[in-house]
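# Geometric and topological summary
What follows is each chain in one-letter form.
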Amino acid sequence: MNSRPPHACQEFLEQLYQALWDRSETGLIASQPRVGPGSRYPGITREQLRQQHPDWNLIELADWEWHIDGTLSRWWLRIIDERVLGRDRPYDLVPYNNPLFVELCEEFYDAQHPEPDKRMDYCIGSLFVDMEEKLLGQTEALRAYEAGATPDNPPRIHTTTTFP
């Protein structure tokens, strides 16, 4: 990543912003519900599942959302992850000066990608997988909240690592 000129990274992040915005509902991207309306199990609620299977890990059924904030030239994702942090502890994932974020899309970064029309689709798919696997700053956000961050001033995450 470090060998790429800064303008190439900026161009890539602008393309990614636009691709995310195009897939959002006025800047909101949310996970697919696992039960209830819009899921493969529309007739089941979390409460019914809890009654039928009290040992089920309902946290894994929780949802996450990304709010695209900022502008085309400087943006970030405000992330709410009910599975790890809860709805009341958002964090901002900032892709700028964040080589690990860009590495998540490394193979799609190249403008000479063999399938340029699908390049951003693949990149966003990769980010969705990383979100599902809790690799988009959740660890750093937990640490920031443990160190005193507050929901009214959410932590800004500039690095991403694997979940411990």
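You'll find the structure just up there.
Here goes a summary of the coordinates provided.

Cut-offs and rules
- Residues numbered from 1 in each chain as written.
- Predicted model: local features only at pLDDT ≥ 70, side-chain atom pairs only at ≥ 80, totals over all residues.
- Heavy atoms only, no water.
- Helix = DSSP H or I, 4+ residues; strand = E, 2+ residues; numbered from the N terminus.
- Buried < 20%, exposed > 50% of the residue type's maximum accessible area, 1.4 Å probe, protein only.
- Contact = heavy atoms within 4.5 Å.
- Areas by Shrake-Rupley, 256 points an atom, 1.4 Å probe, with all protein chains shown as cover.
- Pairing = 2+ DSSP bridges.
- Phe/Tyr/Trp six-rings, centres within 6.5 Å; stacked < 30°, edge-to-face > 60°.
- Lys NZ or Arg CZ within 6 Å of the ring centre and 35° of its normal.
- Expected span 1.5 Å × (residues − 1).
- Arc of directions from axis to C-beta.

Looking only at helices and strands, one finds six helices and five strands in the protein. Ordered by position from the N terminus, the helices and strands of the protein form the series α-β-α-β-β-β-α-α-α-α-β. When burial is assessed residue by residue, the protein has 40% of its 164 residues classed as buried. Across the protein, the fraction of contacts at a sequence separation of at least 24, relative to all contacts at a separation of at least 6, is 58%. With an accessible surface of roughly 9400 Å², the protein has 52% of that area assigned to carbon and sulfur atoms.

Let us now look at the sheet that holds strand 2 (residues 64-71). On the basis of which strands lie adjacent, the open sheet formed by five strands has the order 1-2-3-4-5 and mixed pairing. Across the chains shown, the open sheet's two edge strands, defined by having one partner strand only, are strand 1 (28-30) and strand 5 (156-157). Bridge analysis of strand 1 against strand 2 gives three bridges, and the strand direction is antiparallel. Each bridged residue has a counterpart across the sheet, and for Ala30 the counterpart in strand 2 is Glu65.

A few words on the pairing of strand 2. Bridge count between strand 2 and strand 3 (residues 74-81): eight bridges; the pairing is antiparallel. Residue pairing in the sheet places Gly70 in a bridge with Trp75 of strand 3. Here strand 2 hands over to strand 3 after two residues, the two strands then running antiparallel side by side.

The next thing to look at is the environment of Glu11. Of note, Glu11 is situated in helix 1 (residues 6-23). Classification of Glu11 as partly exposed rests on a relative accessible area of 42%. Each C-alpha atom of the pair Glu11 and Ser73 lies 8.8 Å from the other, and the pair is 62 residues apart in sequence.

Let us look at the packing of aromatic side chains. Applying the stated criterion across every chain, the model contains five aromatic pairs. Relative to Phe128, the ring of Trp66 lies with its centre 5.1 Å away and its plane at 75 degrees, an arrangement referred to as edge-to-face. In this pair, Trp66 sits in strand 2 while Phe128 sits in helix 5 (residues 119-132), placing the two residues 62 residues apart along the sequence. Members of the aromatic cluster, connected to one another through ring pairs, are Tyr17, Trp21 and Trp75. Sitting above the plane of the Tyr145 ring, Arg89 keeps its charged end 5.3 Å from the centroid. When the ring centre of Trp76 is taken as origin, the NZ or CZ atom of Arg156, which lies over that ring, is 4.7 Å away.

What follows is about helix 5. The end-to-end C-alpha separation of helix 5 is 20 Å, in line with the 20 Å expected for 14 residues at 1.5 Å each. Within the sequence span of helix 5, burial applies to Arg119, Met120, Cys123, Ile124, Ser126, Leu127, Asp130 and Met131. Buried residues of helix 5 fall within an arc of 155 degrees about the axis and therefore sit on the same side. Positioned one or two residues after helix 5, Lys134 has a phi angle of 65 degrees, which is positive.

In this structure, Thr26 takes a positive phi of about 45 degrees despite not being glycine. Tracing the sequence through the fold places Thr26 in the loop between helix 1 and strand 1. Located in the positive-phi region is Lys134, a residue other than glycine, with phi close to 65 degrees. Structurally, Lys134 is set in the loop between helix 5 and helix 6 (138-146). Overall, Lys134 belongs to the buried group, its relative accessible area being 14%.

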